[in-house]
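Residue strings, one per chain:
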Amino acid sequence: MRDAYQLVVDARDARFDGVFFVGITSTRVYCRPACKSRLAYDHHRRFFNSAAAAERAGFRPCLRCRPELAPGASTRFRSSARDAVQRIAAGALNGRAVATLASELGVSERHLRRALERELGVAPHELAQTHRCSSPSG
């Protein structure tokens, strides 16, 4: 199977975006198979079935191809957004920074903002403001 993955990456075949991800051991970055960045040597590549698996192995998403946004990679976005919504509704941003909440959830502040904007169309502070305005004591 590894040889087939190598061929797909060498061909930069976009049909496999979201099917698997390639981690580059020399940079600790993971990419989509069709990433336009310079190709890494075969012996520097590791393959993962999900973006979450790549991140658990210590790789970070490529800033060029954005593998965490690939089809099939959005489960982490959804779980981050769901957890954040619950905590924000409970008052997690009352007098606290978004960075603190993101750290508690184990994601970056940027990731949290993007997850909420993608799933709900609002920024974390906007969601918190809405909850404060709609609360009985607000």
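Before any of the text, the structure's been laid out above.
Residues numbered from 1 in each chain as written. Predicted model: local features only at pLDDT ≥ 70, side-chain atom pairs only at ≥ 80, totals over all residues. Heavy atoms only, no water.

Residue-level account of the pattern of salt bridges, with values.
Applying the stated criterion across every chain, the model contains seven salt bridges. Salt-bridge contacts for Arg45 lead to Asp10; the nearest nitrogen and oxygen are separated by 2.9 Å. Here the residue Arg45 occupies a position in strand 3 (residues 45-48), and Asp10 occupies one in helix 1 (residues 2-11), the gap between them amounting to 35 residues. What makes Asp10 partly exposed here is its relative accessible area of 37%. The residue Arg96 makes a salt bridge to Glu104 at a minimum N-O spacing of 2.1 Å. For Arg96, a relative accessible area of 34% corresponds to the partly exposed category. Given a relative accessible area of 42%, Glu104 falls into the partly exposed group. Each of Asp10, Asp42 and Arg45 takes part in salt bridges that share partners, so that together they form one network. (Salt bridge = Lys/Arg side-chain N within 4 Å of Asp/Glu carboxyl O. Helix = DSSP H or I, 4+ residues; strand = E, 2+ residues; numbered from the N terminus. Buried < 20%, exposed > 50% of the residue type's maximum accessible area, 1.4 Å probe, protein only.)

Outline the environment of Thr25, listing residues and values.
Checked against the element boundaries, Thr25 lands in the loop between strand 1 (21-24) and strand 2 (29-31). We classify Thr25 as partly exposed; its relative accessible area is 29%. Thr25 sits 15 residues away from Ala40 along the chain, and the two C-alpha atoms are 9.1 Å apart. Aside from chain neighbours lying at most four places away, what touches Thr25 is His43, His44, Arg46 and Phe59. (Contact = heavy atoms within 4.5 Å.)

Break down the packing of helix 4 (residues 98-105) against helix 5 (residues 109-119) for me, with residues and values.
The contact between helix 4 and helix 5 brings their axes to 8 Å, and the two run at 95 degrees. Judged by the angle between their axes, helix 4 and helix 5 are roughly perpendicular. Contacts between helix 4 and helix 5 involve Val98, Ala99, Leu101, Ala102 and Leu105 from the former and Glu109, Leu112 and Arg113 from the latter. When its residues are assigned to classes, the contact of helix 4 with helix 5 shows six nonpolar, no polar and two charged. (Axes fitted to C-alpha atoms, helices over the stretch in contact; angles between N-to-C directions. Parallel < 35°, antiparallel > 145°, perpendicular 65-115°, else oblique. Nonpolar A, V, L, I, M, F, W, Y, C, P; charged D, E, K, R; others polar.)

Describe the pairing of strand 1, with residues and values.
Of the two faces of strand 1, both are covered, the one formed by Phe21 and Gly23 as well as the one formed by Val22 and Ile24. The pairing of strand 1 with strand 2 spans three bridges and is classified as antiparallel. Across the sheet, residue Ile24 finds its bridge partner in strand 2, namely Val29. Counting the residues that bridge the hairpin from strand 1 to strand 2 gives four residues, and of these Arg28 lies at a positive phi of roughly 60 degrees. (Pairing = 2+ DSSP bridges.)

I'd like a description of the sheet that holds strand 4 (residues 60-61), backed by residues and values.
Spatial strand order, 3-1-2-4: four strands in an open sheet with mixed pairing. Strands at the two margins of the open sheet, each flanked by one partner only, are strand 3 and strand 4. Where helix 1 meets the sheet, it contacts strand 1 and strand 3, and its direction lies at approximately 105 degrees from that of strand 3.

Break down the environment of Gly18 for me, with residues and values.
In this fold, Gly18 is placed in the loop between helix 1 and strand 1. It is 8.2 Å that separates the C-alpha atoms of Gly18 and Ala51, two residues lying 33 residues apart in sequence.

So what's going on with the nonpolar core? Residues and values would help.
If you look at the biggest cluster of nonpolar residues, it comprises 15 residues, and the most contacted ones within it are Ala84, Ile88, Leu93, Leu101, Leu105, Leu112 and Leu116. Secondary structure elements with two or more residues in this core: helix 3 (75-89), helix 4, helix 5 and helix 6 (124-134). Not counting residues within four places of it along the chain, the set of residues in contact with Leu93 comprises Ile88, Val98, Leu101, Pro124, His125, Ala128 and Arg132. Counting 13 residues, the second largest nonpolar core, distinct from the first, contains Tyr5, Phe20, Ile24 and Cys62. (Core = buried A, V, L, I, M, F, W, Y, C linked by side-chain atoms within 4.5 Å.)

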